[in-house]
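Each chain, written out:
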Amino acid sequence: MSFESFPTTAPPGHSSATTVTNLLDGLTEPQQEAVEYFEGPLQILAGPGSGKTRVITRRIARLVDRGVHPSSILAITFTNKAAREMQERVNQLLPESRIWISTFHRFCASVLRRRGRSVGLESNFVIFNKSDQLQVLRHVLNDLDMDAVRVPVAKLGARISHIKNTMVSSEEFTRSLEYEVGEPFDMIVAQVYPKYQETLLASNAVDFDDLLLHVVKLFQENPALRAEYDDRFRFLLVDEYQDTNVIQYQLVRSLGIDRPNVCVTGDPDQSIYAWRGANIENILHFERDFEHAKLVRLEQNFRSTALILQSADQLISHNRMRKAKSLTTDAEDGEAVQLLRFKDGRSEADGIAEVIRKQCTEAGSKWRDFAIFYRVNSMSRELELAFTRHHIPFQVAAGLAFYDRTEIRDLLAYLRLIENPVDTIAFARVVNRPARGIGKTSQNKLTAWATENGVGPMEAARRADRITSLTKTAKIKLKAFVGIMDTFSLANAGSVSDLLKKIVEKTAYSRTWSAASSEQAITKQANVEELVNAAAQYDEANADDPSITGFLETTALASDVDAVDADAGKVTLMTIHAAKGLEFPSVVIVGLEHGLIPHERSIKSNDPKQLEEERRLLFVGMTRAMRNLYMTTAQVRAERGTPRITIPSTFLAETTFDIIDGSKPDGTRKKSGTSSKPNKNQELRNKLKASLAAGNKPLLTTGAALLSGSDEEVGLPDAGSASTFAVGMRVRHPKYGMGTVTHIAGFAKRRTVEVEFTNGSRTETFSVSHCPLQLIGVR
DNA sequence: TGCCCGGTCGTTTTT
DNA sequence: CGACCGGGCA
């Protein structure tokens, strides 16, 4: 946004001769280098706010300028939003050029629509999202008679997805377990995974993973096809390369063999998706994978003020597994990062609201200048309540995504079934919605018959007369359902939106919520209307070739983050992950607490890699801020309903900021900002370092000390400090049983112990002042 | 067949 | 604390 308002000197419709210099105008030397580099692999290591998008878009324009045909350039991004933004900016430089800019998933969908026959997909296949996926798994479990055993479906899905992302097929997975007994859970997975794939294929459907996986397989099995695509896309550009997983990597590789003009951009320090299979190695080993690769580093930051950048840089420099990078800026110092401390989550939310209001009334800020980031979605609630109380307009980039709402999924399922009558999941969803007297029993009989006779659910319903197990009424009702469905077609309705309207009308869909409270009914009605609007938009954009499949693809690959509108005139609330790639004049990062940032899961994993990813996550959050950066802590935070005393984030000991008492109306500033003299915060950091050098493990302690709330000097705890607990002590907990104390941190009321329990190998942190721990003795 | 309640579960991040 | 599943009852 900000610095990108660089004037486009070329008038619209310019001829190419004048653009070369213009395309390099206002670029730094490394930026120019990246734009100018022509053929061969190119890696752009782009720090936050270093003008990456600008470089890529200009590079594309420059390629066209050199005579490369626009249709032989493919740019791939991760999110729709990034793709759209890049498309817009390329269009500014090259109006009407129709460069193909797409996400990995959309690109693969289009390949599969054209060439998916050999992996068993019709061109109108549907894309199953997560809830469809879970539905499939439930069906599979049902068929396998496994519901007796409690199997967590979501976990199954996650496990299968993970296996797929390591490119292990169901056959390979099952075979691998024949030789080696795996986890008990994997034994279940081994049974479910193949059936799951079968169901998808029988439904002419793919899940998100399949979308990529099928294409990679297609290219592997059909070298001529791979070569065709490789050749067609003479230039390939991949954004956010640090987030690619094994499959995406394979895809990029297979498109860059004959024509290795692959340009990747990314920043290892912003890799925050390793948990879902992203492989930092991909970017770290680019030079090895693509011979004679050129490397360009963009290290000058045009986004943040110097003090913000400095704090972020301090933090990230604590990562050990890292390509060192020097972030620089010409910007003024600006205001120091501020740490606002509150007593609990509610006053934190109120305090943030007050800060924002104050900035808007006194400093001329606008609501839209502010973004609040949190680690977990559940933390948005308290903030939403506070903003409502304070009458501050806000938008949340999360919650139930629009296309995940029941009424929307129901109507989409109708569309799916019309287009693809073998979609068992859509059938199950729709056949009795609104209720038309076709219950579970009848459905089970029908699907059993369908499987037996090798037909899809709609075909089975059509032949309901032949299914002897069905009751007479069930047969009649199924026939009626088929009758209604037969009246629906795109050809008859004329457009997707009209078809949707017809469905709503003919099925009397609003009966579904007749029982719901009126307020709910109104929301649902509005959602349905919004869906029709979305369809109308699709109709308009695809007037030349409208299809149900096309519309469904749009909805399947849309995400809630796409809906955030930077210009909405509202404060934006989102997770730190969702904030990647964005920037805001003022940013608040909420809950800098142990267990939140870094997240408990990463801490408990005991894996330094995971902790480093948490650090990168905070780094990403901090570097979104242009002018003001606030971070907050609450001394007490309700967790699963019960309030618990918090421990400050260890990361606070690794960066610089001013501490502000957020609960005081004006905020009592402990140390003021712009001086570079070490403040108390830094003295404490020095102590921490000395202590670390002495072989202690006091990160928690120092974090706590930092925020201990008193101005008096606080020392680090030693063996003799006042506490009855000591590392190595045996304790008993009424619920978790026997355990051993592994860490002690904090002082007085804020003193905490971490206990590793013997059975179940779980680890819990307790506040000494109120915990039910019983001392047993020393190990 | 459908509704309601009760219990269980988990609880990070997403195309 | 909340969502969601499954079971049991009307």
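Residues numbered from 1 in each chain as written. Chains lettered and ligands numbered in written order. Predicted model: local features only at pLDDT ≥ 70, side-chain atom pairs only at ≥ 80, totals over all residues. Heavy atoms only, no water.

(A) Up close: the overall build of chain A. A count of helices and strands for chain A gives 30 helices and 22 strands. Out of the 779 residues in chain A, the part that is buried amounts to 52%. Relative to all contacts within chain A whose residues are 6 or more apart in sequence, the contacts with residues 24 or more apart total 74%. (Helix = DSSP H or I, 4+ residues; strand = E, 2+ residues; numbered from the N terminus. Buried < 20%, exposed > 50% of the residue type's maximum accessible area, 1.4 Å probe, protein only. Contact = heavy atoms within 4.5 Å.)

(B) Layout of the protein's contact with DNA strand B. Around DNA strand B, the structure places 23 residues, and the nearest of them are Arg276, Arg375, Asn377, Arg601 and Arg640. Those atoms of DNA strand B that come within 4 Å of the protein belong to sugar or phosphate at a rate of 49%. Lys130 places a side-chain nitrogen or oxygen 2.9 Å from a base oxygen of DNA strand B. Here Trp275 contributes a side-chain N or O atom positioned 3.1 Å from a base oxygen of DNA strand B. Considering only residue class, the surface near DNA strand B consists of seven nonpolar, eleven polar and five charged. (Near = heavy atom within 4 Å. Polar contact = N/O pair within 3.5 Å; in protein donor to acceptor, adjacent residues only side chain to side chain. Nonpolar A, V, L, I, M, F, W, Y, C, P; charged D, E, K, R; others polar.)

(C) Seen up close, the protein's contact with DNA strand C. Around DNA strand C, a shell composed of Arg138, Arg381 and Gly641 is seen. Within the contact set of DNA strand C, a phosphate oxygen lies 2.6 Å away from a side-chain nitrogen or oxygen of Arg138.

(D) Summary view of unusual backbone geometry. Look at the link from Arg433 to Pro434: it is a cis peptide, with omega at 0 degrees. Within the secondary structure, Pro434 sits in the loop between helix H19 (424-430) and helix H20 (440-453). Geometrically, the link from Ile597 to Pro598 is a cis peptide bond, its omega value of 5 degrees lying close to zero. Turning to its location among the elements, Pro598 is positioned in the loop between strand S13 (584-589) and helix H27 (600-605).

(E) Quick peek at helix H15 (residues 306-316). Counting buried residues in H15 gives nine out of eleven residues, a clear majority hidden from the surface. Buried residues of H15: Ala306, Leu307, Ile308, Leu309, Ser311, Ala312, Gln314, Leu315 and Ile316, and no others.

(F) Representation of the pattern of salt bridges in the model. By the definition in use, this model includes 44 salt bridges. A salt bridge links Glu240 to Lys52, with the shortest nitrogen-to-oxygen separation between them at 3.7 Å. Here Glu240, found in the loop between strand S6 (235-238) and helix H12 (246-254), pairs with Lys52, found in helix H3 (residues 52-65); they are 188 residues apart in sequence, far enough to count as distant. The burial state of Glu240 is the same as that of Lys52; both residues are buried. Notably, a salt bridge pairs Arg226 with Asp230, separated by 2.8 Å at the nearest N-O pair. Within this pair, Arg226 and its partner Asp230 are both found in helix H11 (residues 223-232), separated by four residues, close to a single helical turn. By relative accessible area, Arg226 is classed as buried at 13%. (Salt bridge = Lys/Arg side-chain N within 4 Å of Asp/Glu carboxyl O.)

(G) Up close: the packing of helix H6 (residues 130-143) against helix H9 (residues 184-202). At a minimum axis distance of 9 Å, the contact between H6 and H9 shows a crossing angle of 115 degrees. Every pair of crossing elements has a handedness; the one defined by H6 and H9 is right-handed. Facing H6, whose interface residues are Gln133, Val136, Leu137, Val140 and Leu141, H9 presents Val192, Lys195, Tyr196, Thr199 and Leu200. Of the residues in the contact of H6 with H9, the class split is seven nonpolar, two polar and one charged. (Axes fitted to C-alpha atoms, helices over the stretch in contact; angles between N-to-C directions. Left-handed = near helix turned anticlockwise from the far one by under 90°.)

(H) Expanded view of the environment of Ser510. Relative to the elements of secondary structure, Ser510 occurs in the loop between helix H24 (496-506) and helix H25 (518-541). Residue classification places Ser510 among the partly exposed positions, given a relative accessible area of 36%. Separated by 80 residues in sequence, Ser510 and Val430 have C-alpha atoms that sit 13 Å apart.

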